Amino acid sequence: MAHLNLRRPENINGDFYVDTSCIDCDTCRWMAPSVYTDIREQSAVYHQPTNEKERLAALQALLSCPTNSIGTVETPQDIKIAQLSFPIPIEDNVYHCGYHSEKSYGGASYFIQLPEGNVLVDSPQFVPPLVKRLEKMGEIRYMYLTHKDDVADHQKFADHFKCDRILHTEDITTGTRGVEIQLTGLEPFLLTPELLIIPVPGHTKGHTVLLYKNKFLFTGDHLAWSDDLKQLEAFRDYNWYSWSEQIKSMRQLANYSFEWVLPGHGRRYHADPDTMREQMNKCIALMSSR
């Protein structure tokens, strides 16, 4: 829980606040950009919610904060409304799970609702409100893990839902030795006719991305939108394996068609396929110059 006595002085007066335990993961700022901002390398409230839409977004960010650094002065009577809003629809049958985990440094996870079995993309926190919602939406058949950094509560989800976890062997650690489907090599893996797993070594040696319906690309820590640069980018300062391999992976990924970039860290991006292709080329050019 956030502590009022640790409330950052940078917060504007009012009900919502961020305390000093914030790890600057950016979750609240992209989930509720009209309420939270970045001040001196931590988040703060710069505008108190003034309508139901802003308040819901502020509460969703509060629930998703991986360090529970967001609080309210008054006990929120509408917190259950926010809990029931998860997972949050993005488009079609794709959702944002919320409830980010500190174990993944606040990485986002996603949920794909499918008639043949639902897919959880990376791991949120294993918390009762979210678990109950996922149960009502048809449970989980596969838990796809992009890479070793964002596995968080994977074991708890596997034990509860009896789902098959998917992770590349190059990213298997002592904590993921029990993963049911362990991918090998560099060839794309067709999980279902509409779900293609693409190896993209770079950030880690076994990093992969998931392409759904040639429309939604779940990118883990491989690719994201930068609000500062106003273009797609990769994280040079957070490359744990090989920058040259990540550039090579990005060039191969640019051959695919998609409309959504849904990352674990960084911002989402949505555009038509032609614009997305242009953005990918800009990203590759930027990476090559670094």
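What comes next concerns the included structure. (Residues numbered from 1 in each chain as written. Predicted model: local features only at pLDDT ≥ 70, side-chain atom pairs only at ≥ 80, totals over all residues. Heavy atoms only, no water.)

Description of the sheet that holds strand β5 (residues 88-91)
Here is step 1 of the chain: An order of β5-β6-β7-β8-β9-β10-β11 is seen for the seven strands of this open sheet, with the pairing classed as mixed. Edge positions in the sheet fall to β5 and β11 (181-183), since each of these pairs with one other strand and no more. The average angle at which neighbouring strand axes cross in this sheet is 25°, direction not considered.
Here is step 2 of the chain: Alignment of β5 against strand β6 (residues 94-96), held across three bridges, turns out to be antiparallel. Opposite P89, over in β6, you have Y95 as the bridge partner.
Here is step 3 of the chain: Docked against the sheet, helix α5 (residues 154-161) engages β8 (119-121), β9 (142-144) and β10 (164-168), running at close to 145° with respect to β10. (Pairing = 2+ DSSP bridges. Helix = DSSP H or I, 4+ residues; strand = E, 2+ residues; numbered from the N terminus. Axes fitted to C-alpha atoms, helices over the stretch in contact; angles between N-to-C directions. Contact = heavy atoms within 4.5 Å.)

So, helix α6 (residues 243-253)
Along an α-helix, residues three or four positions apart point the same way, because every turn accommodates 3.6 residues.
Here is step 1 of the chain: Among all positions in α6, only W243, Q246, I247, S249, M250 and L253 are buried. Here the buried residues of α6 occupy an arc of 165° about the axis, which is enough to place them on one side.
Here is step 2 of the chain: Tucked into the core, α6 has its buried residues touching β13 (195-199), β14 (208-212), β15 (216-220) and α7 (273-289). (Buried < 20%, exposed > 50% of the residue type's maximum accessible area, 1.4 Å probe, protein only. Arc of directions from axis to C-beta.)

Quick word on the pattern of salt bridges
Here is step 1 of the chain: Applying the stated criterion across every chain yields a total of 17 salt bridges.
Here is step 2 of the chain: Residue K215 is joined to D92 by a salt bridge in which the shortest nitrogen-to-oxygen separation is 2.8 Å. Of the two residues, K215 is situated in the loop between β14 and β15 and D92 in the loop between β5 and β6; the sequence distance between them amounts to 123 residues.
Here is step 3 of the chain: The closest approach of N and O atoms between K103 and D153, which form a salt bridge, is 2.5 Å. Of this pair, K103 sits in the loop between β6 and β7 (110-112) while D153 is found in the loop between β9 and α5, placing the two residues 50 residues apart along the sequence.
Here is step 4 of the chain: Of the residues examined, D153 reaches a relative accessible area of 8% and is grouped as buried.
Here is step 5 of the chain: Each of D24, D26, R29, D227 and R267 takes part in a single network of salt bridges with overlapping partners. (Salt bridge = Lys/Arg side-chain N within 4 Å of Asp/Glu carboxyl O.)

Let's talk about the nonpolar core
Here is step 1 of the chain: If you look at the biggest cluster of nonpolar residues, it comprises 61 residues, and the most contacted ones within it are Y36, I112 and F218.
Here is step 2 of the chain: The greatest single-element share of this core, amounting to six residues, is contributed by helix α2 (residues 52-64).
Here is step 3 of the chain: With 24 residues, the next largest nonpolar core counts F258, A271, C283 and I284 among its residues. (Core = buried A, V, L, I, M, F, W, Y, C linked by side-chain atoms within 4.5 Å.)

A closer look at the sheet that holds β14
Here is step 1 of the chain: Strands sit in the order β12-β13-β14-β15-β18-β19 across an open sheet of six strands; the sheet is mixed. What marks the edges here is a single partner per strand, and that holds for β12 (189-192) and β19 (269-270).
Here is step 2 of the chain: The pairing of strand β18 (residues 260-263) with β19 spans two bridges and is classified as antiparallel. Residue W260 lies in a different strand from β19, and its bridge partner there is H270.

Brief notes about the side chain of Q83
Here is step 1 of the chain: Relative to the helices and strands, Q83 resides in helix α3 (residues 79-84).
Here is step 2 of the chain: Filtering out sequence-adjacent residues up to four positions away, Q83 remains in contact with L63, Y99, P129 and R133.

Some points on the pairing of β13
Here is step 1 of the chain: Counting buried positions over the five residues of β13 gives five, a clear majority of the element.
Here is step 2 of the chain: Taking every second residue as pointing to the same face, both faces of β13 are buried, with L195, I197 and P199 on one and L196 and I198 on the other.
Here is step 3 of the chain: Where β12 and β13 come together, three bridges link them in antiparallel fashion. Each bridged residue has a counterpart across the sheet, and for L190 the counterpart in β13 is L196.
Here is step 4 of the chain: In the sheet, β13 pairs with β14 via five bridges, with the strands oriented antiparallel. Residue pairing in the sheet places L196 in a bridge with L211 of β14.

Thoughts on the packing of aromatic side chains
Here is step 1 of the chain: Within this structure, the stated rule accounts for nine aromatic pairs.
Here is step 2 of the chain: Taken together, a centroid distance of 5.9 Å and an interplanar angle of 20° make the contact between Y212 and F216 stacked.
Here is step 3 of the chain: The class of F216 is buried, set by a relative accessible area of 0%.
Here is step 4 of the chain: Aromatic rings pair up to connect F126, F157 and F161 into one cluster. (Phe/Tyr/Trp six-rings, centres within 6.5 Å; stacked < 30°, edge-to-face > 60°.)

These figures come from the coordinates and say nothing about function on their own.
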